[in-house]
Amino acid sequence: MVDLVWLIPALPLAGFLVLLVAGRRLGEPLAGWVATAACFASFVATAIVFVGLLDKPEEERHVVKTLFEWLPTGGFSVDLGFLADPLSITMALFVTGVGSLIHLYSIGYMHGDGGFPRFFVYLNLFVFSMLMLVLGSNLLVTFLGWEGVGACSYWLISFWFSDEKNASAGKKAFVTNRIGDWGFMLAMFLSFASIGSIDYGDLALAAETGTFAAVTATGIGLLLFVGACGKSAQLPLYIWLPDAMAGPTPVSALIHAATMVTSGVFLMTRVNPILAAGYDWAPDVIAWVGALTALFAATIAVAQNDIKKVLAYSTVSQLGYMFLAVGIGAYVAAVFHMVTHAFFKALLFLGSGSVIHGMHDEQDMQRMGGLRKVMPITAATFMIGWLAIAGVPPFAGFWSKDEILLYAYDLHPALWVIGLVTALLTAFYMSRQVYLVFFGEPRWNEDPASHAVDVGDEGAAEAEAADAHADGHAEIHPHESPWLMTLPLVVLAVLSVLGGGLNLPFTDDSKFLEHWLHPVIGENEAHIDVATGVKWGLAAAAVVLAVVGIVAARAVYLRRKERVTEPTVLAHGWYYDEAITAFVGGPGEAAFEATAAFDRTVVDGAVNGVAGLVQRTGRLLRHAQTGYVRSYALGITTGVVIVLGYFLTRLTF
């Protein structure tokens, strides 16, 4: 059964090829159903491999299936192979499972779009690339999938490329991720230079046997972390993800909630033996970057009015939690939160898409309110996702987030405090979103200009759009989405409730995920010793903070009648993105122009100058080549006389 691992990426690849050739002919909705069937078939294949691994003893749950030798070059050889182990199959299960639900949702969401078949071509290619990333048996196969999802994210984010904002968002994501890819590539080069291999098994063996020097292991680990920061949107490379909301909402759910952005967390977990072999301060760097990212993004989410941008900054924040867990050695907690996050964040993004669909493409939460009455299924499922991410028991997010906070309390109390503050802010901004969208009085057809907020260029664009909307006297009539969109919401809502059962802390037998991942993580998992009473106290504190955040948001956004104006600095995202834009468009552009001028005048000038000197010298010497024999005879005679004169002179003296 495990030998069928090659089928997992092969099925989405087959769907991509079919749609690439016959997608337009199939048209809507058949192209969507073909793509969905391919992704779901991949999920079934993954489930079969999962059962096959589960039947094996723990020490045998590491199977490499080599398809062929990919790059034989001298002493360097790379196989195109797939690694089936608990970590890769866990990733593949939620990539294909949640991916299938998003494919199904997309059939309804993209109805009537002129690029319907093309959209599903990209979706199937993305799922194939993501599966190559998680199943690769070495760094290069992973990098193949890594670049594949980067390219697909560019196409999907800028899917509606006729809008300049969408096209720019796609380019921004692509360029920012290239910075991270630089770190990934250097890590591969350093690995090969050190042990002559980039295979995960060889890297783990070298780390465990002490073949790697501590400085080498630290270098490889931190360089891979640079790549992870780019793909998983951590400081300072998070700036692409909020802008990526320009893509269709199913793209936001697939890429920025359930799959692509978790690649960095997966990679850090995969190379846990290398992190363990490096210096002790290297994991601390990962933990602090994650914690600061979580807090930073949570503060920004508090002041966003775009329904999808709140969730975008929330994703950045939750990914920060996962990196915090990786940095303190709580790998199981990191993967646990990754899985539960895939459930509730995909639910929230798809729920926001249902709201946008029902509100006729309106995304400003200030123009919503009272939608629970006209969109009951969307509202009920969205609120389940809200309670899950807010950390309210018994929803899935409570169990995974509480486990991260427990490890942080015992190992790094300062990080625990940051995590608690972030949890409070998470409950607050998610409650704010729910109250503005689903509760209160309807604001659908109020004067749009009254809701415009001064947040720079974006605010000006919102105001202009609002004025245009007002002038058109168009009214919004919210409605519930079709079953193709609400069915995935219901399934994800169930998973957001039951997902915490993967790793309940009550008994050793209830910790399924911990036992399942043990062959991958082994002794590198951090060990804590916290009394049971303290654990209950910490859990109670986290729940109390969540309730405080919910109640505070209710007091501010539901009970107060006047409109609340959030701090401008938070609406601007602490001006971080704007500062980078100003630098790149100002001193950065000037520096690049100066570099280009230096290249043209000095580097190219030196090369062209030497070539010009040779050319001019040749022109002068060309006059000596007359073509007359007598001239050449005269030249030879002159030369002979000079040579004879030289020797006679030497003999005389």
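As the structure is a computational prediction, the values presented were derived from the model and not from experiment.

Here is what the cut-offs are and how they apply
- Residues numbered from 1 in each chain as written.
- Predicted model: local features only at pLDDT ≥ 70, side-chain atom pairs only at ≥ 80, totals over all residues.
- Heavy atoms only, no water.
- Helix = DSSP H or I, 4+ residues; strand = E, 2+ residues; numbered from the N terminus.
- Buried < 20%, exposed > 50% of the residue type's maximum accessible area, 1.4 Å probe, protein only.
- Contact = heavy atoms within 4.5 Å.
- Areas by Shrake-Rupley, 256 points an atom, 1.4 Å probe, with all protein chains shown as cover.
- Lys, Arg positive; Asp, Glu negative; His and termini not counted.
- Charge placed at Lys NZ, Arg CZ, Asp CG, Glu CD.
- Axes fitted to C-alpha atoms, helices over the stretch in contact; angles between N-to-C directions.
- Parallel < 35°, antiparallel > 145°, perpendicular 65-115°, else oblique.
- Nonpolar A, V, L, I, M, F, W, Y, C, P; charged D, E, K, R; others polar.
- Phe/Tyr/Trp six-rings, centres within 6.5 Å; stacked < 30°, edge-to-face > 60°.
- Lys NZ or Arg CZ within 6 Å of the ring centre and 35° of its normal.
- Core = buried A, V, L, I, M, F, W, Y, C linked by side-chain atoms within 4.5 Å.
- Pairing = 2+ DSSP bridges.
- pLDDT = per-residue confidence, 0-100.
- Patch = residues over 30% accessible without salt bridge, like charges linked within 9 Å, V, L, I, M, F, W, Y side chains within 5 Å.
- Salt bridge = Lys/Arg side-chain N within 4 Å of Asp/Glu carboxyl O.

**Overview of the overall build of the chain**
Secondary structure summary: the chain contains 25 helices and two strands in total. Here the C-alpha coordinates of the chain stretch approximately 115 × 70 × 55 Å along the principal axes. Taking all 653 residues of the chain together, the buried fraction comes to 54%. Partitioning the intrachain contacts of the chain with sequence separation of at least 6 by distance along the chain shows that 80% fall at a separation of at least 24. Summed over all atoms, the accessible surface of the chain reaches about 27200 Å², with 66% contributed by carbon and sulfur. Where the 34 positive side-chain charges of the chain centre and where its 53 negative ones centre are 8 Å apart.

**With respect to the packing of helix 5 (residues 139–157) against helix 6 (residues 164–195)**
Close contact between helix 5 and helix 6 brings their axes to 8 Å; oriented N to C, the two are set at 170°. For the element pair helix 5 / helix 6, the angle class is roughly antiparallel. For the pair helix 5 and helix 6, contact is made by Leu139, Leu140, Thr142, Phe143, Trp146, Glu147, Gly150, Ala151, Tyr154 and Ile157 and by Asn166, Ala169, Gly170, Lys171, Ala173, Phe174, Arg178, Asp181, Phe184, Met185, Met188 and Ser191, respectively. Considered class by class, the residues forming the contact of helix 5 with helix 6 number 13 nonpolar, five polar and four charged.

**Details of the packing of aromatic side chains**
Applying the stated criterion across every chain yields a total of 26 aromatic pairs. Measuring from centroid to centroid gives 5.2 Å for Phe119 and Phe159, while their planes differ by 80°, and the two rings are edge-to-face. Of this pair, Phe119 sits in helix 4 (residues 116–135) while Phe159 sits in the loop between helix 5 and helix 6, and the two are 40 residues apart along the sequence. An angle of 20° between the planes, with centres 5.4 Å apart, marks the rings of Tyr238 and Tyr576 as stacked. With Tyr238 in the loop between helix 8 (214–231) and helix 9 (240–243) and Tyr576 in helix 24 (residues 576–622), this residue pair connects regions lying 338 residues apart in the sequence. For Tyr238, a relative accessible area of 2% gives the class buried. Through a chain of ring-to-ring contacts, the aromatic side chains of Phe116, Phe119, Phe120, Tyr122, Trp155, Phe159 and Trp160 assemble into a single cluster. Just above the ring of Tyr200 sits the side chain of Arg270; from NZ or CZ to the centre is 5.6 Å. The lysine or arginine in question, Arg630, covers the ring of Tyr628, its NZ or CZ lying 4.8 Å from the ring centre.

**So, the nonpolar core**
Ranked by size, the top nonpolar core spans 197 residues in total, and within it Phe126, Leu224, Trp240, Met268 and Leu371 carry the most contacts. For this core, the leading source of residues is helix 15 (residues 331–358), giving 18 residues. Contact partners of Phe126, with chain neighbours within four places excluded, come to Val149, Cys152, Leu156, Leu254, Ile255, Thr259 and Met260.

**Digging into the side chain of Ser106**
Checked against the element boundaries, Ser106 lands in helix 3 (residues 86–109). Assessed through its relative accessible area of 0%, Ser106 is described here as buried. Leaving out residues up to four positions away in the same chain, Ser106 has contacts with Phe116, Phe119, Phe120, Leu123 and Pro250.

**A short note on the pairing of strand 2 (residues 76–84)**
The side chains of a regular strand alternate, residue by residue, between the two faces of the sheet. Here nine bridges tie strand 1 (residues 63–73) to strand 2, and the two strands are oriented antiparallel to one another. Within the sheet, the bridge partner assigned to Leu71 lies in strand 2 and is Val78.

**Comments concerning the confidence of the model for the chain**
Detail in the predicted coordinates should be disregarded across regions flagged by low pLDDT. Within the chain, residue pLDDT values average 90, and 95% of them lie at 70 or more. The spread of mean pLDDT over the elements of the chain runs between helix 19 (residues 456–472), the lowest at 43, and helix 13 (residues 281–301), the highest at 97.

**Examining a nonpolar patch on the surface**
The grouping of Met1, Leu4, Trp6, Phe40, Val44, Ile48, Val51, Leu67 and Phe68 at the surface amounts to a nonpolar patch, some 760 Å² of accessible area in total. Looking at which element gives the most residues to the nonpolar patch, the answer is helix 2 (residues 30–54), with four residues. Examined against the element boundaries, Val51 turns out to sit in helix 2. Residue classification places Val51 among the partly exposed positions, given a relative accessible area of 37%.

**Considerations on the pattern of salt bridges**
One pass over the structure, following the stated rule, counts seven salt bridges. For the salt bridge of Asp85 with Arg270, the shortest nitrogen-to-oxygen distance reads 2.6 Å. You can see Asp85 sitting in the loop between strand 2 and helix 3 and its partner Arg270 sitting in helix 11 (residues 263–270), a full 185 residues away along the chain. Looking at Arg270, the relative accessible area reads 8%, which means it is buried.

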